[in-house]
Amino acid sequence: MVRVEGLQKSFGNNVVLRGINLTVMPGQVVTIIGASGSGKSTLLRCINLLETPDAGHVWFHGKDLAAEHVDINALREKIGMVFQGFNLFNNMNVLDNCTLAPVTLKKMTKGQAEKVALANLDSVGLADFAGADVNTLSGGQKQRVAIARALCMKPDLMLFDEPTSALDPEISGEVLEVMRRLASQGMTMVVVTHEMAFARSVSDEVVFMDKGVIAEKGSPEKIFTNPEKPRTREFLARYL
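Residues numbered from 1 in each chain as written. Predicted model: local features only at pLDDT ≥ 70, side-chain atom pairs only at ≥ 80, totals over all residues. Heavy atoms only, no water.

Caption draft 1: View of the packing of helix α5 (residues 139-151) against helix α6 (residues 169-184). Closest axis-to-axis distance for the α5/α6 pair is 7 Å, and the angle between their directions is 20°. Judged on the interaxial angle alone, α6 and α5 are roughly parallel. The element α5 and its partner α6 pack so that their crossing is right-handed. Of the residues in α6, those touching α5 at Gly139, Gly140, Gln141, Gln143, Arg144, Ile147 and Leu151 are Ile171, Glu174, Val175, Val178, Met179 and Leu182. Classifying every residue of the contact of α5 with α6 gives 7 nonpolar, 4 polar and 2 charged. (Axes fitted to C-alpha atoms, helices over the stretch in contact; angles between N-to-C directions. Helix = DSSP H or I, 4+ residues; strand = E, 2+ residues; numbered from the N terminus. Parallel < 35°, antiparallel > 145°, perpendicular 65-115°, else oblique. Left-handed = near helix turned anticlockwise from the far one by under 90°. Contact = heavy atoms within 4.5 Å. Nonpolar A, V, L, I, M, F, W, Y, C, P; charged D, E, K, R; others polar.)

Caption draft 2: Spatial organisation of the sheet that holds strand β10 (residues 213-218). One open sheet holds the 6 strands; their spatial order is β6-β7-β8-β3-β9-β10, and the pairing between them is mixed. Each end of this open sheet is capped by a strand with a single partner; those strands are β6 (79-82) and β10. Strand-to-strand twist of the sheet, defined as the mean angle between neighbouring strand axes without regard to direction, takes the value 15°. In terms of strand pairing, strand β3 (residues 29-33) meets strand β8 (residues 188-192) through 4 bridges, oriented parallel. Pairing of Ile32 across the sheet is with Val192, part of β8. (Pairing = 2+ DSSP bridges.)

Caption draft 3: Inspection of the pattern of salt bridges at higher detail. Considering all chains together, one arrives at 11 salt bridges under this definition. Lys222 serves as the salt-bridge partner of Glu228, at 3.7 Å between the closest nitrogen and oxygen. The class for Lys222 is partly exposed, based on a relative accessible area of 25%. (Salt bridge = Lys/Arg side-chain N within 4 Å of Asp/Glu carboxyl O. Buried < 20%, exposed > 50% of the residue type's maximum accessible area, 1.4 Å probe, protein only.)

Caption draft 4: Region of interest: the UniProt feature "domain: ABC transporter" (unreviewed entry) in the protein chain. Here, the residues flagged by UniProt with the feature "domain: ABC transporter" (unreviewed entry) are residues 2-236. Span residues 2-236 is 37% helix and 26% strand, its end C-alpha atoms 27 Å apart. (UniProt positions renumbered as here; feature names shortened; annotations may be inferred.)

Caption draft 5: Broad picture of the sheet that holds strand β2 (residues 14-24). Strand order across the open sheet formed by 4 strands is β2-β1-β4-β5, with antiparallel pairing between neighbours. Every other strand in the sheet has two partners, leaving β2 and β5 (63-64) as the edge strands with one partner each. The sheet contact formed by strand β1 (residues 2-11) and strand β4 (residues 55-60) spans 5 bridges and is antiparallel. In the sheet register, Val2 faces β4, and the bridge partner there is Phe60. Here helix α1 (residues 40-47) sits on the sheet in contact with β1, β2 and β4, set at roughly 120° to β1.

Caption draft 6: Seen up close, helix α4 (residues 110-123). Between its first and last C-alpha, α4 extends 20 Å over 14 residues, near the 20 Å set by a 1.5 Å rise per residue. All of the buried residues along α4 are Ala113, Val116, Ala117, Asn120 and Leu121. Buried residues in α4, looked at end-on, bunch into an arc of 135°, giving them a common side. Every exposed residue of α4 that faces more than 90 degrees away from the buried side is listed here: Lys115 and Asp122. Looking at the packing, one finds that the buried side of α4 touches α3 (94-104) and α5. Just downstream of α4 lies Gly125, where phi reads positive at about 80°. (Expected span 1.5 Å × (residues − 1). Arc of directions from axis to C-beta.)

Caption draft 7: View of the pairing of β8. By the criterion of burial, β8 is predominantly enclosed, with 5 of the 5 residues buried. Pairing between strand β7 (residues 157-161) and β8: 5 bridges, direction parallel. In the sheet register, Leu157 faces β8, and the bridge partner there is Thr188. Handedness of the crossover joining β7 and β8 through α6: right-handed. (Right-handed = clockwise from strand over helix to strand, strands pointing away.)

Following this line, the structure appears as structure tokens:
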């Protein structure tokens, strides 16, 4: 579903990604772990061109997102994104947050969008909050609304950028549970996370990034119990 090849990205003199190669198969859950500043979030943002790579390619469903003739917005509609800071529209209620994109992009009528939104809110345990003001929600509830909102576009791929890092450990569990359920339903997911238990139990592949490169990748079993690289062992020793 996704193929990243030779991806490079700098911000001024700061080289953030150094020739990244990565493949994500349909139905696969790939988690990206690593220290702050290792390039994890930038890689994720390059996959849907929220950041423009300096060099390299990102293919999604076989189409090169950087090619001039490609309709990036049409492809991006198939990629859901959940941010660390929720990024909800605070001047709208929960239901309107979820129906805005499908209606604006003429994917659905208002009635169809509301039906889909209510089903997705129900799937994250928030159907009763459809009419609620976003500002009255807890952090965990906001993040679950953000997941429901992304699902309303019926994406083929979901990207999660540190979805629990702004949440208390107690509350983050409810968000991780929704993500576990999505994974079990076969959703293709790329997740940047510091939640090692989640990465270990849900991933098909774990990618360890260090200083802008993929230092090591493999099954959760390999990465967590028998990492090859000293840097991977050192990082995991701090977390486990």
